[in-house]
Amino acid sequence: MTRKKQCIAMLLAGGQGSRLAPLTANIAKPAVNFGSRYRIIDFSLSNCVNSGIDTVGVLTQYQPMELNDYLGMGGPWNLDIQFGGLHVLPPYQAVKGGDWFKGTANAIYQNIRFIKRYDPDYVLILSGDHIYKMDYSIMLQEHIENNADCTIAVIDVPIEEAPRFGIMNTDSKGRILEFEEKPPHPRSTQASMGVYIFRTDKLIRYLERDEADLDSSNDFGKNVIPAMLKDGQRMFAYLYKGYWRDVGTLKSFWDANMDAIGDDHELRLNDPGWRIFFRHSFNRPQYVGPGAQIRRSICGDGNDIYGSVYHSVIFNKINMHPGASVSDSIIMSDVQLMEDCSVNCAIVDRGARIGKGAVIGEKGKEDELTVIARDVEIGPGVVIKPGEIVTEDRL
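Residues numbered from 1 in each chain as written. Predicted model: local features only at pLDDT ≥ 70, side-chain atom pairs only at ≥ 80, totals over all residues. Heavy atoms only, no water.

Caption draft 1: Expanded view of the overall build of the protein chain. Counting its secondary structure elements, the protein chain contains 8 helices and 31 strands. The C-alpha atoms of the protein chain give 22 Å as radius of gyration, which agrees with the globular expectation for 395 residues (21 Å, within 12%). The principal-axis extent of the C-alpha atoms belonging to the protein chain is close to 65 × 50 × 40 Å. Among the 395 residues that make up the protein chain, the fraction classed as buried is 56%. Within the structure as shown, the protein chain displays about 17500 Å² of accessible surface, and the carbon and sulfur contribution to it stands at 46%. Within the protein chain, one finds 43 positive and 51 negative side-chain charges whose respective centroids are separated by 3 Å. (Helix = DSSP H or I, 4+ residues; strand = E, 2+ residues; numbered from the N terminus. Rg over C-alpha atoms; globule rule 2.2 N^0.38 Å. Buried < 20%, exposed > 50% of the residue type's maximum accessible area, 1.4 Å probe, protein only. Areas by Shrake-Rupley, 256 points an atom, 1.4 Å probe, with all protein chains shown as cover. Lys, Arg positive; Asp, Glu negative; His and termini not counted. Charge placed at Lys NZ, Arg CZ, Asp CG, Glu CD.)

Okay, structure coming up:
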């Protein structure tokens, strides 16, 4: 008997994430750390597992080494199964040629053989750079009930933000009548989340047609979705009402991390009913020294804290000396915070060293985030002004 899957997921994780620079200078955007213990990609992967989807193809491209190492065989997400599981799918050279992924649609097109291997009835297309907790099985059930060829997850956004998104105009039953890519004058506030479910046969048909069009950008939003609408395919919007954030900029990345602070927020990271799975890299508990203070913050493992932390996200193996203070900031792993330094409204990337008495950013300047890049050293007493992005040592 031929084995098959009802639904498999294809997770697009090859983006450069240039607007998140310098955090993405050496790693793919989905591999960027988030929320003290996680990576951005953990959310989409955990959504799949929690939704009962056990076959996930992760399409990588830009700076993939660290992401590949992190994903491994998929064990931390219970995706190390024999038939299905997690598969890393980079661009490759085939007999008839090969190339870098030219767009989101082309990336899936290049992996049609992987899709056919599992003979799924439906294919779920995801982005690996969004922070949210979503049960895809509910969306799939609605897709089936509508006898849809394609279902697109949408979220209601303020009208002033709608021009930043692909907007769906629908009828009273949710059937998509029109799709507008970043319209200057939107007629709806239903924004695409970049989450699609396709009937497999329709997906493959339109991917092959799109690939044959030499003028196409090979993009779902710009090409495939409009082509299906033009042909009158059954396309529906699925309205998602939970937390969702596209962490495409430094400010939105900072905002999402701050959203994770506190158990009363929609983005509860410790929700036992919807676990966010991740690869454990360090298990020594943190040590909070005499006189240290940690308030309204979340912290990872293996830290030595002797200073004060307020409303911040602290990752792993932080060495924080007496008199040091951190507020409204994100401190990545392996950071050294020397005596009496002050970090405010900032993102400090991995391996950085903040010298004695140095001042990073300024309190109350959330709209002028200061960023210290990976492995950068800030010398004693150096002052880094709000809004600066520091990519080289300042001694």
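Having seen it, we continue.
Caption draft 2: Main features of the packing of aromatic side chains. One pass over the structure, following the stated rule, counts 14 aromatic pairs. Measuring from centroid to centroid gives 5.0 Å for tyrosine 38 and phenylalanine 278, while their planes differ by 70°, and the two rings are edge-to-face. Of this pair, tyrosine 38 sits in strand β3 (residues 38–39) while phenylalanine 278 sits in the loop between α8 (250–259) and β14 (287–288), and the two are 240 residues apart along the sequence. Here the aromatic residues Phe34, Tyr38, Phe43, Phe253 and Phe278 are joined through ring pairs into a cluster of three or more. If you follow arginine 39 out to its NZ or CZ, it ends over the ring of tyrosine 70, 4.6 Å from the centre. (Phe/Tyr/Trp six-rings, centres within 6.5 Å; stacked < 30°, edge-to-face > 60°. Lys NZ or Arg CZ within 6 Å of the ring centre and 35° of its normal.)

Caption draft 3: Broad picture of the layout of surface pockets. In this structure, the largest pocket occupies an estimated 1600 Å³ of space. If you trace the largest pocket, you find 49 residues lining it, with Arg19, Ser127, Asp129, His130 and Asp246 closest to the centre. At the level of elements, α3 (104–109), β6 (122–127), β10 (176–181), β11 (190–199), α7 (220–230) and β13 (244–246) are the ones that each hand at least two residues to the lining of the largest pocket. When residues of the lining of the largest pocket are assigned to their parent elements, the largest contribution, 4 residues, is made by β11. Of the residues in the lining of the largest pocket, the class split is 18 nonpolar, 19 polar and 12 charged. (1 Å grid on protein atoms, 1.4 Å probe; cavity = no way out; pocket = protein on both sides within 12 Å on 5 of 7 lines; lining within 4 Å. Points joined across faces, edges and corners; volume = space filled by probe spheres on them. Nonpolar A, V, L, I, M, F, W, Y, C, P; charged D, E, K, R; others polar.)

Caption draft 4: Local environment of the pattern of salt bridges. Summed over the entire model, instances satisfying the criterion amount to 25 salt bridges. For arginine 350, the salt bridge goes to glutamate 66, with nearest N and O atoms at 2.5 Å. In this pair, arginine 350 is assigned in the loop between β25 (346–348) and β26 (353–354) and glutamate 66 in helix α2 (residues 65–71), connecting sequence segments 284 residues apart. Salt-bridge contacts for arginine 374 lead to glutamate 66; the nearest nitrogen and oxygen are separated by 3.8 Å. In this pair, arginine 374 is assigned in the loop between β28 (370–372) and β29 (377–378) and glutamate 66 in helix α2, connecting sequence segments 308 residues apart. Within the structure, one salt-bridge network assembled from shared partners comprises Arg245, Lys251, Asp255, Asp259 and Asp367. (Salt bridge = Lys/Arg side-chain N within 4 Å of Asp/Glu carboxyl O.)

Caption draft 5: Quick peek at the sheet that holds strand β17 (residues 304–305). Pairing is parallel across the open sheet formed by 6 strands, whose spatial order is β14-β17-β20-β23-β26-β29. Sheet topology places β14 and β29 at the edges, where each strand pairs with a single neighbour. Pairing of β17 with strand β20 (residues 319–320) involves 2 bridges; the strand directions are parallel. Bridging across to β20, aspartate 304 finds its partner in asparagine 319. (Pairing = 2+ DSSP bridges.)

Caption draft 6: Structural detail: empty space enclosed by the protein. For the coordinates displayed, the defined rule picks out 1 cavity of 30 Å³ or more. Here the largest cavity is characterised by a volume of approximately 30 Å³. Around the largest cavity, the lining residues are Leu23, Ile27, Val32, Asn33, Met332, Asp349, Arg350 and Arg374. Residues that form the lining of the largest cavity fall into these classes: 4 nonpolar, 1 polar and 3 charged.

Caption draft 7: Structural view of α7. For α7, the full list of buried residues reads Phe220, Gly221, Asn223, Val224, Ile225, Met228 and Leu229. Backbone geometry just after α7 places glycine 232 at a positive phi near 75°.

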